[in-house]
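# Fold and contact review
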Amino acid sequence: MTTKGPTVRTVLGDIAPGRLGVCDSHDHLFIRSPTLPGQELDDSEAAAVELVAFAALGGRAVVQWTPWGMGRRLAELPELSRKSGVHVVGATGMHQAKHYDPAVLKGAYDDLARLFISELTTGPVRAGMIKIAGAYHRLDRHAEHVLAAAAEAHHATGAPIGVHLEAGSAATDVLDALCGRHGVPPGSVILGHLHRFPDSRVHRQVAEAGAFVAFDGPSRAHHATDWRLLDAIAALAEAGHADRLLLGGDTVTASARSTADGPGMPFLLGGIRPRIERELGPDLATAVFVDNPARAFAVDWRS
């Protein structure tokens, strides 16, 4: 069945934005990196448990930001989605170079745009977004290369681009590059980890530009910034940018799952959402968990 207008590209096919429901806008069911030895998310059963626990709290969608080459197990996501009843959006793209074996990186490096476009448009399981990453307070050569390919893939498909900002830094540099030099509309850009750089001026600046601001990472301890999360949300909302906010759990290690030592994926709805509803109001909670993700990940797909 063909759906007219913008759709969210899930691993089970394209759906109307209104069907997305309560969404964890940045998380991981599977991920592998040489920087996290022994902490890989590679257990299908554990991933299913997280999804079921998330669904039990009213969760209806999860966006997995794990990009190409990092053990994302794209082919396994449809069955997990079916069994849990949770929509899952997969990703293509590329992270920082340190997350890859150099030989694997070299093999894909010269034709990234083609790779991204293919993964967004072909195959039995299609990605629904592009994940890229900046370096700490700058865009290094690797980031610039991947960013340019992501922009090309966006122009070919319409796909949203999610950006890992290292420690929440370089947000304006990323926007200048993506939107200024490469012509990507700000509304197609999701800037991740801005809670780790709790400068409300930067948050307002990128929201005013039209990008989505993602506060994602309560599954891990960021002792200097976790306690500022609600203040950061409130500040953006009070500045008139409640429609730019997204929240995600960003579970990246086995020990961070709810079945181990961390709060895991369910904490977003069991811990964070009730506080937002109580302290900032149910309308704001609906915006960040339902309305905004439905706009951020919905695309008039060009192919």
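The structure under discussion appears in the preceding block.
Residues numbered from 1 in each chain as written. Predicted model: local features only at pLDDT ≥ 70, side-chain atom pairs only at ≥ 80, totals over all residues. Heavy atoms only, no water.

### Re the environment of Gly 248
The topology assignment puts Gly 248 in strand β11 (residues 245-248). On a C-alpha basis, the gap between Gly 248 and Gly 281 in space is 19 Å, while along the polypeptide they are 33 residues apart. Gly 248 has contacts with Asp 24, Ser 25, His 26, Phe 215, Asp 216, Gly 217, Pro 218 and Leu 268, leaving out every residue within four places of it along the chain. (Helix = DSSP H or I, 4+ residues; strand = E, 2+ residues; numbered from the N terminus. Contact = heavy atoms within 4.5 Å.)

### Overview of the sheet that holds strand β5 (residues 87-89)
As summarised here, the arrangement of the 3 strands in space is β3-β4-β5, forming an open sheet in which the pairing is parallel. Here the strands that pair on one side only, and so sit at the sheet edges, are β3 (23-27) and β5. Across this sheet, the average inter-strand angle for adjacent strands is 15°, counted without regard to direction. Summarising the sheet, strand β4 (residues 61-64) and β5 pair through 3 bridges and their orientation is parallel. When the sheet's bridge partners are listed, Ala 61 is paired in β5 with His 87. (Pairing = 2+ DSSP bridges. Axes fitted to C-alpha atoms, helices over the stretch in contact; angles between N-to-C directions.)

### Let's talk about the pairing of β4
Side chains on a regular strand alternate between the two faces of the sheet. Burial of the side chains of β4 extends over both faces: Ala 61 and Val 63 are buried on one face and Val 62 and Gln 64 on the other. Where β3 meets β4, 3 bridges bridge the pair, whose relative direction is parallel. In the strand pairing of β4, Cys 23 is matched with Ala 61. Each parallel crossover has a hand, and for β3 linked through helix α1 (residues 44-56) to β4 it is right-handed. (Buried < 20%, exposed > 50% of the residue type's maximum accessible area, 1.4 Å probe, protein only. Right-handed = clockwise from strand over helix to strand, strands pointing away.)

### Details of the pattern of salt bridges
Taken as a whole and judged by the stated rule, the model has 12 salt bridges. Arg 73 is the partner of Glu 76 in a salt bridge, and the nearest nitrogen-oxygen pair spans 3.4 Å. For the salt bridge of Glu 79 with Lys 83, the shortest nitrogen-to-oxygen distance reads 3.9 Å. Placement of both Glu 79 and Lys 83 in helix α2 (residues 77-84) is noted, with a separation of 4 residues, approximately one turn of the helix. (Salt bridge = Lys/Arg side-chain N within 4 Å of Asp/Glu carboxyl O.)

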